[in-house]
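# Tertiary structure, described
Each chain, written out:
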Amino acid sequence: MVELTQHKNEHLLRGTRRFQKELNKIFSSEVLVREHPGKEDETLLTIEVDMDLNFNQFLTILEGDILKRSQKNTQRTMLSLMLAFIRLQEENKDDNLDLEELSFYLRETTIHIKRISPKSILIKLFDILRALVEHAPYYTEAGHGMPASIYVPIYRTDYFTNASMEITRMHLANAGDAYFDYWGICIDEEDDGQVYDLKSAKIAPEGFDLIF
């Protein structure tokens with residue numbers, strides 16, 4: 001089952017039914033696609049993938065595809081997603097389409113991947129999934145349990161001032177490193193969250209303020 005939703009007074013993009021079917025096939029899961037306006041002529045999409053897997057099963061599949069099988073399965077998935085998006089963009093030439101967020105809803109865990117620059121999710125998704133697998137022993141052990149939510153990425157507040165927050169955020173994003181600096185890890189739904197530092201492979205100390 002694939003569902004498309006939109007905000008009131010918005011048009012549905014052309015070619016969405018084919019796009020929906022392609023997503024359903026790519027992820028072999030129920031997929032919800034949301035459409036909402038961005039800046040100027042932008043139309044942003046949010047994709048939610050509902051997978052009947054627990055977190056360990058999801059990691060096992062990714063590990064097998066990314067690390068042990070010459071990456072062919074995952075690369076094929078990334079290419080299929082990119083081509084489906086390109087076809088949707090071609091049918092909507094007057095709209096500047098981008099993927100704002102891609103979320104995986106597993107049985108106990110939700111993984112939220114946010115856009116940090118134009119087409120950043122489509123470009124960096126393979127590397128993000130690889131990092132998710134490679135760092136799992138560190139952020140699960142350090143967080144003392146299976147995460148309820150993972151936020152990719154988050155930003156340190158001391159990077160910003162009120163006047164330069166958006167400029168600085170985009171500078172970090174365009175540098176290509178923001179996805180692999182800090183992630184937010186919540187162990188349960190009532191947890192305020194912890195900061196996982198990918199470069200040190202450790203949970204950051206308390207008092208480390210970030211922006212999700």
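Structure: see above.
Here we summarise the structure given alongside this text. Keep in mind that this is a model prediction, so the values were computed, not measured.

### Section: unusual backbone geometry
Of all residues except glycine, most have a negative phi; of all peptide bonds, most are trans. Residue Pro153 is bonded to the preceding Val152 through a cis peptide linkage, with omega at -10°. For Ser28, which is not glycine, the phi torsion reads 50° and is therefore positive. Taking the relative accessible area as the measure of exposure, Ser28 reaches 65% and is therefore exposed.

### Some thoughts on helix α1 (residues 16-27)
For α1, which comprises 12 residues, the first-to-last C-alpha distance of 16 Å matches the rise-based estimate of 16 Å (1.5 Å per residue) to within 8%. Of the positions making up α1, those classed as buried are Thr16, Phe19, Gln20, Glu22, Leu23, Ile26 and Phe27. One side of α1 holds all its buried residues, which, seen down the axis, span an arc of 165°. Structural note: α1 exposes Arg17, Lys21 and Lys25 on the side pointing more than 90 degrees away from its buried face. Ser28 occupies a position one or two residues after α1 and carries a positive phi of about 50°.

### Observations concerning helix α4 (residues 120-134)
The end-to-end C-alpha distance of α4, which contains 15 residues, comes to 20 Å, matching closely the 21 Å that a straight helix rising 1.5 Å per residue would cover. Roughly 40° is the biggest bend found in α4, and it falls at Phe126. Those residues of α4 that fall on the buried side of the exposure criterion are Ser120, Ile121, Leu122, Leu125, Phe126, Ile128, Leu129, Ala131, Leu132 and Val133.

### Quick word on the environment of Ile116
Note on placement: Ile116 falls in the loop between β5 (110-114) and α4. Spatially, the C-alpha atom of Ile116 lies 9.9 Å from that of Ile154, the residues being 38 residues apart in sequence.

### Focus on the pairing of strand β8 (residues 182-186)
The element β8 is largely enclosed, with a buried count of 5 among its 5 residues. Of the two faces of β8, both are covered, the one formed by Tyr182, Gly184 and Cys186 as well as the one formed by Trp183 and Ile185. Summarising the sheet, strand β6 (residues 149-152) and β8 pair through 3 bridges and their orientation is antiparallel. When the bridges of β8 are listed, Ile150 appears paired with Ile185. Two strands pair when backbone bridges link them, and β8 and strand β9 (residues 194-197) are joined in this way by 4 bridges, in the antiparallel orientation. Bridge pairing in β9 links Tyr182 to Asp197.

How each quantity is defined
Residues numbered from 1 in each chain as written. Predicted model: local features only at pLDDT ≥ 70, side-chain atom pairs only at ≥ 80, totals over all residues. Heavy atoms only, no water. Buried < 20%, exposed > 50% of the residue type's maximum accessible area, 1.4 Å probe, protein only. Helix = DSSP H or I, 4+ residues; strand = E, 2+ residues; numbered from the N terminus. Expected span 1.5 Å × (residues − 1). Arc of directions from axis to C-beta. Bend = angle between axes of the 7 residues up to and from the residue. Pairing = 2+ DSSP bridges.

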